[in-house]
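The lines below spell out each chain.
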Amino acid sequence: MAKNGFSMSNRVAVETISASKTLTADDCGKRFVVETAGSAATVTLPSPASAEAGWNVAFIFESGSAAGNTTIESTAANINLRGLEVAGNVEGFATTTAQTRLVVSGSQVKNGDIVELVVAGGEYHARSFMSGGIAAS
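On a predicted model such as this, the values are computed, not experimentally measured, just so you know.

**Quick word on the nonpolar core**
Logical step 1: With 24 residues, the main nonpolar core has Phe59 and Leu117 as its most contacted residues.
Logical step 2: Once residues within four sequence positions are removed from consideration, Leu117 is found in contact with Leu45, Trp55, Asn56, Val57, Phe59, Ile72, Ile79, Tyr124, His125 and Ala126.

**Description of the sheet that holds strand β4 (residues 41-44)**
Logical step 1: Strand order in the open sheet formed by 5 strands is β2-β4-β6-β9-β12, with mixed pairing between adjacent strands. Here the strands that pair on one side only, and so sit at the sheet edges, are β2 (21-22) and β12 (134-136).
Logical step 2: With 4 bridges connecting them, β4 and strand β6 (residues 70-73) associate as parallel partners. Counterpart to Val43 in the pairing with β6 is Ile72.

**Side note on the pattern of salt bridges**
Logical step 1: Enumeration over the complete set of coordinates arrives at 5 salt bridges.
Logical step 2: Between Glu15 and Lys21 there is a salt bridge, with the nearest N and O atoms lying 2.9 Å from each other.
Logical step 3: As a salt-bridge pair, Asp27 and Lys30 come within 2.8 Å of each other at their nearest N and O atoms. Accessibility classification places Asp27 together with Lys30 in one group, the buried group.

**Thoughts on the packing of aromatic side chains**
Logical step 1: What the rule picks out here adds up to 2 aromatic pairs.
Logical step 2: Summarising the aromatic geometry, the rings of Phe32 and Phe59 are spaced 5.7 Å apart at their centres and angled 20° between planes, so their arrangement reads as stacked. Pair noted here: Phe32 is in strand β3 (residues 31-34) and Phe59 is in strand β5 (residues 56-61), with a separation of 27 residues, a long-range link. Per residue, the accessibility class of Phe32 equals that of Phe59, and both read buried.
Logical step 3: Summarising the aromatic geometry, the rings of Trp55 and Tyr124 are spaced 5.8 Å apart at their centres and angled 80° between planes, so their arrangement reads as edge-to-face. In this pair, Trp55 is assigned in the loop between α1 (48-51) and β5 and Tyr124 in strand β11 (residues 123-130), connecting sequence segments 69 residues apart. Considered together, Trp55 and Tyr124 belong to a single accessibility category, that of buried residues.

Each value, and the rule that gives it
Residues numbered from 1 in each chain as written. Predicted model: local features only at pLDDT ≥ 70, side-chain atom pairs only at ≥ 80, totals over all residues. Heavy atoms only, no water. Core = buried A, V, L, I, M, F, W, Y, C linked by side-chain atoms within 4.5 Å. Buried < 20%, exposed > 50% of the residue type's maximum accessible area, 1.4 Å probe, protein only. Contact = heavy atoms within 4.5 Å. Pairing = 2+ DSSP bridges. Helix = DSSP H or I, 4+ residues; strand = E, 2+ residues; numbered from the N terminus. Salt bridge = Lys/Arg side-chain N within 4 Å of Asp/Glu carboxyl O. Phe/Tyr/Trp six-rings, centres within 6.5 Å; stacked < 30°, edge-to-face > 60°.

As structure tokens, this is what we get:
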């Protein structure tokens, strides 16, 4: 009888990002800890077509600095964002059209802020829980 204890199958792959990085379809399911305290970083997503439906990643931010903005971008306007921003009060926000990039402000990010993305319907769908300072363009 097999035991289902602390198994590798229950673990999530975690990787640190401290500089610009291009993700591939093989990065599916990873959780990225973003440490950009000293400089800006750009994370380029694979196209939704190459990533395929169900591809997903999450970015977990550590405290940053004014110089440490993080840009999450795609090659086309195919990122739809729904989020919750906590900055003095609780505000929900959403993009009204698909965007090409999300910019997380390094000077406003707090430890544990998160952006999650999943491919569905040929687009990226993003949700976030942020202390403040996320912009779409």
